Amino acid sequence: MADPCPAGSFPDFRTDSGQARALGVVSTPALFLVRPPDGIKPLSQGVLSLAELQQRIVQTAADAGWIDPRWLERSRARVTALRLDTSTFSDPDLAEDPERLLEHLRGQRRAIPNPPVTEPLIPSPTHHRLGGH
């Protein structure tokens, strides 16, 4: 029989009696997304970064039909090409003076209104039920 974890972590541990084989575990850490009573989906076997784990959780839940696909799309990272368009500068030397450039950009930012937020990024439990059940 295996010993419990040091410092009392996981005091109610269970020794593997076939669960790993049933789930197809070949290496650790092995992570699964579980939706009781019968939904078990593998996420990874091996080490992942936090960002990759988060992406896999959302992708796996969407693939399983457990979340609305629009939430998957809204969770994706957005990459924006950052480029300074100097054609709108009235003074072409503005791009050469960091202090003046910063003041100019701050002024432009103040002129752009913030878009209204119309719905939450993550639905509340009453807003969207998982899997439509």
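Further up the page is the structure itself.
In this text the structure is predicted, and so the values were computed from the model without any measurement.

The next thing to look at is the side chain of Ser 44. Of note, Ser 44 is situated in strand S2 (residues 39–45). The exposure class of Ser 44 is buried, given its relative accessible area of 8%. When residues no more than four places from it in sequence are discounted, the contact partners of Ser 44 are Pro 29, Ala 30, Leu 31 and Arg 56.

Here we come to helix H2 (residues 50–63). Since the α-helix advances by 3.6 residues per turn, residues separated by three or four positions end up pointing in the same direction. Across its 14 residues, H2 extends 20 Å between first and last C-alpha, which sits within 8% of the 20 Å expected from 1.5 Å per residue. Turning to H2, its buried residues are Thr 60, Ala 61 and Ala 62. Among the structural elements, strand S1 (30–35), S2 and helix H3 (69–75) are those in contact with the buried residues of H2. Of the residues flanking the end of H2, it is Gly 65, one or two places downstream, whose phi is positive at about 80 degrees.

So, about the pattern of salt bridges. Inspection of every chain in the model, using the stated rule, returns one salt bridge. For Glu 52, the salt bridge goes to Arg 56, with nearest N and O atoms at 3.1 Å. Note that Glu 52 and Arg 56 are positioned in helix H2 at a spacing of four residues, about one turn of the helix. On the basis of relative accessibility, which here comes to 33%, the residue Glu 52 falls in the partly exposed class. Given the relative accessible area of 26%, Arg 56 is considered partly exposed.

Glancing now at the pairing of S1. The sheet contact formed by S1 and S2 spans six bridges and is antiparallel. From the neighbouring strand, Arg 35 faces S2, where its bridge partner is Gly 39. The antiparallel pairing of S1 with S2 creates a hairpin that spans three residues between the two strands.

Reading the values: the criteria
- Residues numbered from 1 in each chain as written.
- Predicted model: local features only at pLDDT ≥ 70, side-chain atom pairs only at ≥ 80, totals over all residues.
- Heavy atoms only, no water.
- Helix = DSSP H or I, 4+ residues; strand = E, 2+ residues; numbered from the N terminus.
- Buried < 20%, exposed > 50% of the residue type's maximum accessible area, 1.4 Å probe, protein only.
- Contact = heavy atoms within 4.5 Å.
- Expected span 1.5 Å × (residues − 1).
- Salt bridge = Lys/Arg side-chain N within 4 Å of Asp/Glu carboxyl O.
- Pairing = 2+ DSSP bridges.

Keep in mind that these numbers describe shape and distance, not what the molecule does.
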